[in-house]
Every structure is written in C-alpha cells, then in structure tokens.
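Notes for the structure review
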Amino acid sequence: MKVEWVKKDADEMPFARDLAERKARLLAESDAAVVMPGGVGTLDEGIEVPELRKYGLYDDPVVLLNTAGFHDGLILQLRRMDEQGLMPCPLESWSSSLSRPPAHTPRWRSALERMANS
C-alpha cells in the first residue's frame, strides 16, 4: 500500500481496516488517553470512552486537553447530559478537563511509569 501522507520521521505508522478498528487499537494499546483539540475524528475517538467505561472495557486515565478553551462547549454539553442522567457513567468518573496533562496525579503518574517501563 502506497501512502503519501505518512510522516517520514514517525516512530510507527499502524494501519487499520476501518475507523472502528483504529479506535479499538488506539485505546487497547494506550496507558492513557488525551483528547486534544482536533476535528470530528478526534471527538469521535474520545467520546466513545464513557460507553466503554459503562461496560468495564476501558479504565485508563482520560483527559480532555482544553487548550485555550477549545473543549468548553463540549464540556458544557457533557455536564448537561450528566446532570440529566443521560451519560452512561458520571462525567468525573471518566474524564478530567485540564489545560495541560495532569502528570502530578497518582493515576497519571502510574500511567507514565507504565509507559516508561514498556
């Protein structure tokens, strides 16, 4: 397969058959997830986490990296859904919203240690 948009200096470039497989691999191979400012694909990947949490399929740390308030609207909507009982699990049980990754928290420290030792 010839792919011309692949970064020449990428450490690795995994391929998947479709977006569902890509999302599953991203989460399965991660120790934590950071939903950075991005497009609808990034949003789709991050917003799947509460459903996975509901079924016990993803328990690693998740952060909405809210650089310059990028995710303010999303956070507001998620809180509203949570308040109305429409979230599969409480918002605070699956996500933190920070302007930078929370390396100081025990859960993140553990994830960073696992990454360093792998």
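That block above? That's the structure.
What counts as what
- Residues numbered from 1 in each chain as written.
- Predicted model: local features only at pLDDT ≥ 70, side-chain atom pairs only at ≥ 80, totals over all residues.
- Heavy atoms only, no water.
- Helix = DSSP H or I, 4+ residues; strand = E, 2+ residues; numbered from the N terminus.
- Buried < 20%, exposed > 50% of the residue type's maximum accessible area, 1.4 Å probe, protein only.
- Contact = heavy atoms within 4.5 Å.
- Core = buried A, V, L, I, M, F, W, Y, C linked by side-chain atoms within 4.5 Å.
- Expected span 1.5 Å × (residues − 1).
- Salt bridge = Lys/Arg side-chain N within 4 Å of Asp/Glu carboxyl O.
- Polar contact = N/O pair within 3.5 Å; in protein donor to acceptor, adjacent residues only side chain to side chain.

**Some remarks on the overall build of the protein chain**
Along the protein chain, the regular secondary structure elements total five helices and three strands. Counting from the amino terminus, the protein chain carries its helices and strands in the arrangement α-β-α-α-β-α-β-α. Out of the 118 residues belonging to the protein chain, those deemed buried represent 25%. Of all intrachain contacts in the protein chain linking residues separated by at least 6 positions in sequence, the fraction that spans at least 24 positions is 61%.

**So, the environment of Pro90**
Mapped onto the fold, Pro90 is located in the loop between helix H4 (72-83) and strand E3 (96-98). Exposure remark for Pro90: the relative accessible area of 48% places this residue in the partly exposed category. In this structure, the C-alpha to C-alpha distance between Pro90 and Arg79, residues 11 residues apart in sequence, is 8.9 Å.

**Quick notes on the nonpolar core**
Listed in full, the 12 residues of the largest apolar core are Leu27, Ala33, Val35, Val49, Leu52, Tyr58, Val62, Leu64, Ile75, Leu78, Met87 and Leu91. Looking at this core, the elements that each hand over two or more residues are strand E1 (33-35), helix H3 (49-54), strand E2 (62-65) and H4.

**Things to note about H4**
Helix length check: H4, at 12 residues, gives a terminal C-alpha distance of 16 Å against a target of 16 Å (1.5 Å per residue), a fit within 8%. Note on H4: the residue one or two positions beyond its end, Gly85, has a positive phi of about 75 degrees.

**A look at the pattern of salt bridges**
Summed over all chains, the structure comprises seven salt bridges. Two residues, Asp59 and Arg53, come together in a salt bridge whose shortest N-O distance is 4.0 Å. Residues participating in the shared-partner salt-bridge network are Lys23, Asp44 and Glu48.

**Side note on the side chain of Lys23**
With respect to the secondary-structure elements, Lys23 resides in helix H1 (residues 19-28). With relative accessibility at 14%, the residue Lys23 sits in the buried group. Polar contacts involving the side chain of Lys23 include one to the side chain of Asp44, which spans 3.0 Å. For Lys23, the residues in contact, after removing those within four places along its chain, are Asp44, Glu45 and Glu48.

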